[in-house]
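# Descriptive analysis of the structure
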Amino acid sequence: MMKRILTSALAMLISVAAFAQLDRSVRPEPAPAKNIEFGDYDVYKLDNGLTIIVVENDKLPRVSFSLVVDRDPIFEGDKAGYVSLAGQLLRQGTTNRSKDQLDEEIDFIGASLFTGSSNVYAAGLTKYQETLVELLADVALNPSFPAEEFDKLKKQAISGIENAKDDPNSLSSRIFNQSLYGKDHPYGELQSEENVENISIEDCKNYYNNYWTPSKTYITVVGDIKARKAKKLIKKYFGDWQAKEMPAATFPAVPQYDGTIVNVVNRNSSVQTVLSIGNTIDLKPGDPDIVKLRVANQILGGGSMGRLFQNIREDKGYTYGAYSSYDSDRLVGEFSAGASVRNEVTDSAVVEFIKEFERLQMEAVSDEELQAAKNNIIGEIGRSLESPQTIASYALNIQRYNLPEDYYSNYLTRLDAVTKEDIMAVAKKYFHTNALVITAVGKGAEIAAGLEKFGPVTYYDFYGEETGPPSLPVPDGMTAQNVLDGYIKALGGQENLDKVKDLTITSTIAIPGLPMPAKGVTMRKRPNLFKNEMSVDGMGVMQKTVYTGKKASISGMGGSKEVTDSEELKTYEAQATFFAETQYPALGYTLELTSIGFVDGEKAYVMEVTSPEGDKSTEFYSVETGLKIKEESSFEGPEGPMTASTAYADYRLVNGVMFPFSMTISQGPQKIKFEVKTVEVNSGLKKADFN
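Let me begin by describing the structure that accompanies this report.

Reading the values: the criteria
Residues numbered from 1 in each chain as written. Predicted model: local features only at pLDDT ≥ 70, side-chain atom pairs only at ≥ 80, totals over all residues. Heavy atoms only, no water. Helix = DSSP H or I, 4+ residues; strand = E, 2+ residues; numbered from the N terminus. Buried < 20%, exposed > 50% of the residue type's maximum accessible area, 1.4 Å probe, protein only. Contact = heavy atoms within 4.5 Å. Areas by Shrake-Rupley, 256 points an atom, 1.4 Å probe, with all protein chains shown as cover. Lys, Arg positive; Asp, Glu negative; His and termini not counted. Charge placed at Lys NZ, Arg CZ, Asp CG, Glu CD. Phe/Tyr/Trp six-rings, centres within 6.5 Å; stacked < 30°, edge-to-face > 60°. Pairing = 2+ DSSP bridges. Axes fitted to C-alpha atoms, helices over the stretch in contact; angles between N-to-C directions. Parallel < 35°, antiparallel > 145°, perpendicular 65-115°, else oblique. Left-handed = near helix turned anticlockwise from the far one by under 90°. Nonpolar A, V, L, I, M, F, W, Y, C, P; charged D, E, K, R; others polar. 1 Å grid on protein atoms, 1.4 Å probe; cavity = no way out; pocket = protein on both sides within 12 Å on 5 of 7 lines; lining within 4 Å. Points joined across faces, edges and corners; volume = space filled by probe spheres on them. Core = buried A, V, L, I, M, F, W, Y, C linked by side-chain atoms within 4.5 Å. Salt bridge = Lys/Arg side-chain N within 4 Å of Asp/Glu carboxyl O. Expected span 1.5 Å × (residues − 1). Polar contact = N/O pair within 3.5 Å; in protein donor to acceptor, adjacent residues only side chain to side chain.

From N to C terminus, the protein includes 20 helices and 26 strands. Expressed as lengths along the three principal axes of its C-alpha atoms, the size of the protein is roughly 85 × 65 × 60 Å. Of all 691 residues assigned to the protein, the portion counted as buried reaches 49%. Long-range pairs, those at least 24 residues apart, make up 68% of the contacts in the protein between residues at least 6 apart in sequence. Carbon and sulfur atoms provide 49% of the accessible area of the protein, an area that totals close to 33,800 Å². Once the 73 positive and 95 negative side-chain charges of the protein are each reduced to a mean point, those two points are 4 Å apart.

Time to look at the packing of aromatic side chains. Per the counting criterion, the structure on display carries 18 aromatic pairs. On the numbers, 6.0 Å between centres and 65° between planes, the contact of phenylalanine 145 with tyrosine 208 is edge-to-face. Here tyrosine 208 lies in helix H7 (residues 201-211) and phenylalanine 145 lies in the loop between helix H3 (129-141) and helix H4 (147-164), a separation of 63 residues in the sequence. The same class applies to phenylalanine 145 as to tyrosine 208, namely buried. Centre to centre, the rings of phenylalanine 353 and phenylalanine 357 are 6.4 Å apart; their planes meet at 55°, and the pair counts as tilted. Of this pair, phenylalanine 353 and phenylalanine 357 are both found in helix H11 (residues 346-362), four residues apart, which corresponds to roughly one turn of the helix. The class of phenylalanine 357 is buried, set by a relative accessible area of 0%.

Here we take up the pairing of strand S11 (residues 333-342). Burial of S11 is extensive: eight of the ten residues sit out of reach of the surface. As defined by bridge partners, strand S9 (residues 272-281) adjoins S11 across ten bridges and the pair is classed as antiparallel. Along S11, the bridge assignment pairs valine 274 with serine 340. In textbook terms, the turn of a hairpin is the stretch between consecutive antiparallel strands, and for strand S10 (residues 319-327) and S11 this stretch comprises five residues.

For the pair helix H9 (residues 289-301) and H11, the least separation of the axes is 11 Å and the interaxial angle reads 135°. Classified by the angle their axes make, H9 and H11 are oblique. Viewed along their axes, H9 and H11 form a crossing whose handedness is right-handed. Contacts between H9 and H11 involve Ala296, Ile299 and Leu300 from the former and Glu356, Phe357 and Leu360 from the latter. For the contact of H9 with H11, the residue count by class is five nonpolar, no polar and one charged.

A word on the pairing of strand S5 (residues 112-116). Bridging between S5 and strand S6 (residues 119-125) involves five bridges; their strand directions are antiparallel. By the bridge assignment, threonine 115 is partnered in S6 with valine 120. Hairpin connection, S5 to S6: the antiparallel pair is bridged by two residues.

What follows deals with the layout of surface pockets. Space inside the second largest pocket adds up to approximately 1,500 Å³. Forming the walls of the second largest pocket are 48 residues, and the residues nearest its centre are Glu162, Lys165, Asp166, Thr664 and Lys671.

The next thing to look at is the sheet that holds S9. Strand order in the open sheet made by the six strands is S10-S11-S9-S12-S8-S13, with mixed pairing throughout. Whereas interior strands pair on both sides, the edge strands pair on one side only; in this sheet they are S10 and strand S13 (457-460). Here the strands of the sheet are splayed against their neighbours by 20° on average, with no regard to which way each runs. Sitting on the sheet, helix H16 (residues 444-451) touches strand S8 (261-266), S9, strand S12 (437-442) and S13, and the angle it makes with S8 is about 175°.

So, about the nonpolar core. If you look at the biggest cluster of nonpolar residues, it comprises 65 residues, and the most contacted ones within it are Val295, Phe353, Phe357 and Phe431. Considering every element that reaches this core, the biggest residue donor is H9, with seven residues. Setting aside residues up to four positions removed in sequence, valine 295 forms contacts with Leu370, Ala373, Ile377, Leu415, Val418 and Ile423. Among the nonpolar cores identified, the runner-up in size contains 50 residues, and Tyr211, Trp212, Val221 and Trp241 belong to it.

That bond from arginine 526 to proline 527 is cis: its omega, 5°, falls within 30 degrees of zero. Located in the positive-phi region is phenylalanine 145, a residue other than glycine, with phi close to 50°. For phenylalanine 145, a relative accessible area of 6% puts it in the buried group. For asparagine 682, which is not a glycine, the phi torsion comes out positive at approximately 55°. Along the chain, the position of asparagine 682 falls in the segment after strand S26 (670-681).

On to the pattern of salt bridges. Evaluated as defined, the whole model comprises 38 salt bridges. With a closest N to O distance of 3.0 Å, arginine 400 and aspartate 70 form a salt bridge. You can see arginine 400 sitting in helix H13 (residues 388-400) and its partner aspartate 70 sitting in the loop between strand S4 (62-69) and helix H1 (82-89), a full 330 residues away along the chain. Measuring nitrogen to oxygen at the nearest pair gives 3.8 Å for the salt bridge that ties aspartate 289 to lysine 292.

This part covers the packing of H1 against H7. Relative orientation of the contacting elements H1 and H7 amounts to 80°, with a least axis distance of 9 Å. In terms of axis orientation, H1 runs roughly perpendicular to H7. Taken together, the residues of H7 that come into contact with H1 (itself represented by Tyr82, Val83, Leu85, Ala86 and Leu89) are Asp203, Cys204 and Tyr207. The residue makeup of the contact of H1 with H7, split by class, is seven nonpolar, no polar and one charged.

Bringing helix H8 (residues 227-238) into the picture now. With twelve residues, H8 extends 16 Å from end C-alpha to end C-alpha; this agrees with the ideal 16 Å at 1.5 Å per step. Tucked into the core, H8 has its buried residues touching strand S2 (41-45), strand S3 (51-56), S4, H3 and strand S7 (217-223).

Moving on: the environment of glutamate 608. Note on placement: glutamate 608 falls in strand S21 (residues 602-610). Taking the C-alpha atoms as reference points, glutamate 608 and leucine 46, 562 residues apart in sequence, are found 67 Å from one another. Beyond its immediate sequence surroundings of up to four residues, glutamate 608 is in contact with Lys443, Thr590, Leu591, Glu592, Thr594, Ser617 and Thr618. In this structure the side chain of glutamate 608 is engaged in a polar contact, spanning 3.0 Å, whose partner is the side chain of threonine 618.

We now examine the side chain of aspartate 203. Its location among the elements puts aspartate 203 in helix H7. In this structure aspartate 203 comes out as buried when scored by relative accessible area, which is 14%. A distance of 2.8 Å separates a polar atom in the side chain of aspartate 203 from the backbone nitrogen of serine 200. Contact partners of aspartate 203, with chain neighbours within four places excluded, come to Lys79, Tyr82 and Asn198.

Structure follows, in structure tokens:
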């Protein structure tokens, strides 16, 4: 059955007398609200329940097909991540095509094809429209779930989890969501490496077999194609898809808090705190309050002119930006706001956030502010309507959420009707200023005490487990020198360290973006020779650094240069030093043992290290083994302070000395992993080896 929905629109007719005299002291009356003219679309339904939405647009000879399975969220438990893996596997091959064959066919016609846990998207030239639908159907209906690709995707998923551990925004999102929704809710459960290891191919197959059904599927077609032709093609390739019942889903109630709670995730090296503040809301798609809340949010934190931005950035200078958002959802929605602020002003920033929430609740906004927010939203809608994809999105929402057919065409009328009283009402209803969830990822020792005024503080780790306070007091009599002495002993003792005259370490290096691991070779020879070289098979030497005691040179694919700056030379001198930590006092470093902290659950002495040049870093030495397990430092990045860290693990004994065989360097979301293959001690390196 075909159903064509026509939307009405009023033409904007404004006639102005060209030479009439105007009284510019009088603000003109706003024009009456217009209906949205977002174009036509066709809706069909196949006998198996599959819904087809077609938006014709012949401006370009291109067409896209977007398949969406409308399912409820899934709680994945101790196999969290299998749903996402199943979606990725759809793109890895079918019963008719291997992954390579699929890639070749897509590339040959210049198309694109992407998959997710509940969607497949294909787009290309109109002349290949039937090929696109056939590929879409093959991927959606005949996945083969190849074991080899499954293993690769699991490794990538585990790598992604490891990368997230050093990303403060990921940390904040994980703990904030767990507190908002509860760890037993699909929106609040946290994924771990162990969860991913638990996943089998059968889990992915079972998900697909249980949840992919035409009766809950929508295919949206956009572009240079006639509606009847689109229906005919989709019926040809999807018409025999058999419908089935989806498993019934039940969900636990989200937590209800009597007061505000504060979550802290400790990062000792952080010089700024990632703040997330908000609460869950009952706001379903199509709710009459959505338009009112959109205006309220625009005023509060919808952009650079929002109150949060103007207050916390422009007035207070606490952050680069502060914003808010809201989300409607069939299960449970969310209101949230956030910013990254300096550690020392974390509690002050929270005060300002809450103050702005309460201002909207208690004080009427000005006429100018209200109209400016509406104008901004009208502009956003107008720009979005330039894309036929917006029409398709609107049409899909109408079908998926059972919205009135005129829901979007009358949107501006509802927007125009929003009043100051509406803004105050939705702010009171949806901003739970007395029962907020506040999550702060930063240096616990500097931020926790100030946050206690807002509510009880609970400390969490990456996995959402409570950790207790991030640091313990240093035992009486324990000093930084004691920690260094313990480190020397753990390495093998000063006598064995002094016996190391030259050293060669060979590693494989996993670098994001490189198609294969790089090879690293680091060489040292007493008293002050150092060489580091990184190469990739087929690409040659990517980078080489040499220090010979008096000068240093850096070379690579981009050329080479001599280092002559005396301050920069000191950096290379430090790299040439054998077991530099054991010589900190002699080299003029200042050490301060601050506390006992935790690194991935392991107790560690926390030592602040300041170089003679004033550069600061934090080093962590295992309380149990005495070995160095991590070091961190901060620097100014293009968007504010950033943290770089190096984690050391898998220590092994070589010639009486312990060496870490695993090192991971993290900087923001990027991680470089070194796996040591060989350690050669006193192999007889010559000075000429460092030319």
